[in-house]
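Structural description and commentary
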Amino acid sequence: ESKRRNNNGWQHYSEDLARSHREKLQLDQLMRGALTNQELHLVYQPQLDLHTGRVIGAEALMRWNNPLLGAMRPDVFIGRAESTGEIVRLGAWALNETCRQVREWLDAGLPQIRVAVNVSYRQFIADDLVGTVVKALEHYKIPPRCLELEFTERVLIEDEPETTRIFAELDELGVSLAIDDFGEGYSGLNYLRRLPIHVLKLSQLFIKGVPGNASDVAVCEAVAGIARGLRMTMIAEGVETDIQRRYLVKLGVPVGQGFFFSPALTPKRFVTYLRAHPTVR
Ligand code: C2E
Ligand code: MG
Ligand code: MG
Ligand code: MG
């Protein structure tokens, strides 16, 4: 920082800008090769019935390991992929790969669980999302109730008639539809009455402070009330302690995920986890 204050401050500043621009371009370029070079994989974070501890499903989360850059953090590379539009290809891959994995687990005789995949708002606008989902379900013969799609509220501020049609078609297929990071969002609540949404995933922002922080408690209670009133399932994400878990059970929140139970696991370790824990079905 001190170098910005000397006489060459502006020069250093523009060098920094140029470097960060170069780094972005390099990131974008390497990301375009990530699929063909098989640098992507999915990890699976268990989702549990908070009361009984039974496993009800998992969330698939993308990981990118590049030989040059190493392991990239999803909040960095997903954000970049959303800016460049690359997320459309990556997201379609994640959907397909999740279905392939679920088929493998079903064939191995593992209990049937539901796996959630994150869908970016860009996939909504650019891709034939319904087509991608239908193709993956049919190709791997996946019961639609085994698949959940997680959308952020950002999806809901895009073109309205399109959104309504896509949600209706996905609902018709029988897949489960979830709003991710609920409460962090951009939008109002009107869409909750209009759209076929089955699951509200309360943002981990509001789990952090319960049960000690009064405003976090107020948000948790309000969202639990909305979910109950609209007959949606609520999932608490970012559950890190048993104190949080017990609070959420008292509040009537049925499902949770978080480091208290398990981080996201490689497929192999997830199978070990499944074998060691009772499941709902
Ligand atoms: P998200 O969908 O809200 O996923 C939850 C994130 O919280 C994951 O981070 C998970 O590892 C982390 N997490 C889980 N339990 C805990 C906990 O107890 N404490 C804390 N502090 N964190 C916890 P991750 O894997 O780094 O992913 C970050 C975000 O990147 C995701 O947030 C999602 O928005 C995005 N993302 C990841 N994979 C995909 C993908 O395949 N497609 C799209 N479109 N986005 C993805
Ligand atoms: Mg998610
Ligand atoms: Mg989330
Ligand atoms: Mg998030």
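Please read all numbers here as calculations on a predicted model, not as lab measurements. All residue numbers refer to position in the chain's written sequence, counted from 1. Here chains are named by letter from A upward and ligands by number from 1 upward, in the order in which they appear as written. pLDDT decides what is reported in this predicted model: residues at 70 or higher carry local features, side-chain atom pairs at 80 or more are listed and counted, and totals for whole chains, interfaces and linings draw on all residues regardless. Hydrogens and water molecules were not included; the side-chain quantities draw on all heavy atoms of the structure.

1. Some thoughts on the overall build of the chain
Helix and strand counts for the chain stand at 11 helices and 9 strands. In summary, the chain has a C-alpha radius of gyration of 20 Å against a globular reference of 19 Å for 281 residues, a match within 12%. The buried share of the chain, taken over its 281 residues, is 46%. A separation threshold of at least 6 residues defines the contact pool for the chain, and within that pool the share at least 24 residues apart is 67%. In these tables, accessible area is a Shrake-Rupley quantity obtained with a 1.4 Å probe, and a residue counts as shielded only by the protein chains included in the view. Counting every atom, the chain has about 14,300 Å² of accessible surface; 52% of that belongs to carbon and sulfur. Helical segments are the DSSP runs of H or I of at least four residues, strand segments are the runs of E of at least two, and each set is numbered from the N terminus. Only C-alpha atoms enter the radius of gyration, while the globule expectation follows 2.2 Å times N to the 0.38, with N the number of residues. In this scheme, a residue with accessible area under 20% of its type's maximum is buried, one over 50% is exposed, and one in between is partly exposed, where area comes from a 1.4 Å probe on protein chains only. Only heavy atoms matter for contacts: two residues are in contact if any of them lie within 4.5 Å across the pair.

2. Structural notes on unusual backbone geometry
Omega for the bond connecting V210 with P211 falls within 30 degrees of zero, at 0°, which places this linkage in the cis form. In this structure, R231 is a non-glycine residue whose phi angle is positive, near 55°. By the secondary structure assignment, R231 is in the loop between helix 9 (214–229) and strand 8 (233–237).

3. With respect to the coordination of the magnesium ion (ligand 3)
At 2.2 to 2.4 Å from the magnesium ion (ligand 3) lie its protein donor atoms, namely D180 (OD), D181 (OD), E237 (OE) and E237 (OE). Here the donor residues of the magnesium ion (ligand 3) share one chain and are spaced in sequence as D-D-x55-E. Only nitrogen, oxygen and sulfur atoms count as donors, using a 2.8 Å cut-off from the metal that widens to 3.2 Å for Na, K and Ca. Water is left out, so coordination shells may look unfilled. Here the magnesium ion (ligand 2) and the magnesium ion (ligand 3) are spaced 3.8 Å from one another, each receiving a donor from D180. Of this pair, D180 sits in strand 6 (residues 176–182) while E237 sits in strand 8, placing them 57 residues apart in sequence. The pair D180 / E237 is uniform in exposure class, with both members buried.

4. Points about the site of ligand 1
Residues are labelled near a given molecule or strand when at least one of their non-hydrogen atoms is within 4 Å of it. Around ligand 1 sit 22 residues, and of these R63, N118, D180, E240 and F259 come closest. N or O atoms closer than or at 3.5 Å make up a polar contact, with two conditions inside protein: a donor-capable atom paired with an acceptor-capable one, and, for residues adjacent in sequence, both atoms drawn from side chains. Note that an oxygen atom of ligand 1 is positioned 2.9 Å from one of the side-chain N or O atoms of D180. The separation between an oxygen atom of ligand 1 and a polar side-chain atom of D181 is 3.1 Å. Elements supplying a minimum of two residues to the shell around ligand 1: strand 2 (55–66), helix 3 (74–84), helix 4 (87–107) and strand 6. Considering each element in turn, the shell around ligand 1 owes the most residues, 4 residues, to strand 2. Classification used: nonpolar for Ala, Val, Leu, Ile, Met, Phe, Trp, Tyr, Cys and Pro, charged for Asp, Glu, Lys and Arg, polar for all others including Gly. Considered class by class, the residues forming the shell around ligand 1 number 8 nonpolar, 6 polar and 8 charged.

5. Observations regarding a nonpolar patch on the surface
There is a patch of nonpolar side chains on the surface, built from W10, Y13 and L17 and spanning about 380 Å² of accessible area. Following the sequence through the fold, Y13 ends up in helix 2 (residues 9–32). Each patch is built from residues that are more than 30% exposed by relative accessible area and take part in no salt bridge. Like charges join if they lie within 9 Å; nonpolar side chains (Val, Leu, Ile, Met, Phe, Trp, Tyr) join within 5 Å. When a carboxyl oxygen of Asp or Glu lies within 4 Å of a side-chain nitrogen of Lys or Arg, that pair is called a salt bridge.

6. Looking at helix 11 (residues 267–276)
Every buried residue of helix 11 is listed here: F270, V271, Y273 and L274. Down the axis of helix 11, the buried set is contained in an arc of 160°. They therefore lie on one face. In helix 11, the exposed residues that point more than 90 degrees away from the buried face are K268, R269, T272, R275 and A276. Among the structural elements, strand 1 (40–49), strand 2 and helix 4 are those in contact with the buried residues of helix 11. To obtain the arc, one takes the directions from the helix axis to the C-beta atoms.

7. Description of the nonpolar core
L149, F151 and L170 are the most contacted members of the largest nonpolar core, which has 79 residues in total. At 8 residues, helix 4 tops the list of elements feeding residues into this core. For this analysis, a nonpolar core means a set of buried residues of the types Ala, Val, Leu, Ile, Met, Phe, Trp, Tyr and Cys, connected via side-chain atoms within 4.5 Å. The next biggest cluster of nonpolar side chains, apart from the first, holds 5 residues, and it includes I56, V199, I235 and V255.

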